[in-house]
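Structural description and commentary
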Amino acid sequence: MKPLKEGTGEVAVADAGHWTPALSRSVMLRHDRVRGTDLLLMPERVVVLRGSAGAVLRLCDGRREVAAIVAELAERFPGESGASVATEVPEFLGRLREEGWIR
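Now for a quick tour of the structure. Just so we're clear, the structure is a prediction, and the values are computed from it rather than from any experiment.

Before going further, it helps to examine the side chain of Thr-37. Considering the arrangement of structural elements, one finds Thr-37 in strand β2 (residues 37-42). With relative accessibility at 15%, the residue Thr-37 sits in the buried group. At a separation of 2.8 Å, a polar atom in the side chain of Thr-37 contacts the main-chain carbonyl oxygen of Leu-49. Not counting the four nearest positions on each side in its chain, Thr-37 is found in contact with Arg-30, His-31, Asp-32, Val-48 and Leu-49.

This part covers the sheet that holds β2. Pairing within the open sheet is antiparallel, and its 3 strands lie in the order β1-β2-β3. The open sheet has two edge strands with one neighbour each: β1 (28-32) and β3 (45-49). In this sheet, neighbouring strand axes are inclined to one another by 30° on average, regardless of whether the strands run parallel or antiparallel.

Note on helix geometry: an α-helix contains 3.6 residues per turn, so any two residues three or four positions apart are oriented the same way. Among the residues making up helix α3 (residues 66-76), those that are buried are Val-66, Ile-69, Val-70 and Leu-73. The buried residues of α3 occupy one face: seen down the axis, they fall within an arc of 100°.

A few words on the pairing of β3. Pairing of β2 with β3, which is carried by 5 bridges, proceeds in the antiparallel orientation. Bridge pairing links Met-42 to Arg-45 in β3. Adjacent in sequence and paired antiparallel, β2 and β3 are bridged by 2 residues, among which Glu-44 carries a positive phi angle near 60°.

According to the stated counting rule, one finds 5 salt bridges in the structure shown. Between Arg-35 and Asp-32 there is a salt bridge whose closest N-O contact spans 2.3 Å. Exposure remark for Asp-32: the relative accessible area of 12% places this residue in the buried category. The salt bridge involving Arg-58 is made with Asp-38; its shortest N-O contact spans 2.7 Å. One end of the pair, Arg-58, is in helix α2 (residues 53-58); the other, Asp-38, is in strand β2, and 20 residues separate them in sequence. The partly exposed category is assigned to Arg-58, whose relative accessible area is 42%. Assessed through its relative accessible area of 12%, Asp-38 is described here as buried. Shared partners join several salt bridges into a network, and the residues in it are Asp-61, Arg-63 and Arg-64.

What counts as what
- Residues numbered from 1 in each chain as written.
- Predicted model: local features only at pLDDT ≥ 70, side-chain atom pairs only at ≥ 80, totals over all residues.
- Heavy atoms only, no water.
- Helix = DSSP H or I, 4+ residues; strand = E, 2+ residues; numbered from the N terminus.
- Buried < 20%, exposed > 50% of the residue type's maximum accessible area, 1.4 Å probe, protein only.
- Polar contact = N/O pair within 3.5 Å; in protein donor to acceptor, adjacent residues only side chain to side chain.
- Contact = heavy atoms within 4.5 Å.
- Pairing = 2+ DSSP bridges.
- Axes fitted to C-alpha atoms, helices over the stretch in contact; angles between N-to-C directions.
- Arc of directions from axis to C-beta.
- Salt bridge = Lys/Arg side-chain N within 4 Å of Asp/Glu carboxyl O.

Read these as geometric descriptors, not functional statements.
Given below as structure tokens:
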């Protein structure tokens, strides 16, 4: 895994495996059956999630560390490259953490 720069929206490599992400208190994850997509609902804001973002966030329960989330996703989506999941998931979670949507 490549070293990550501080302040780029990415979780530092050293912290990535030991952080237990959870949705922030004012954020709710919902599935919109009409549109067939997952949404993050916040006060005065809705974020439409694409791809596997909803699957990633459903695993952010405050009990699983990032490494466990990566392992679970690699098992669920065997067609994806394990290196890709190990890199992209921590980066995605880091960006959401920077936005304040997860803690």
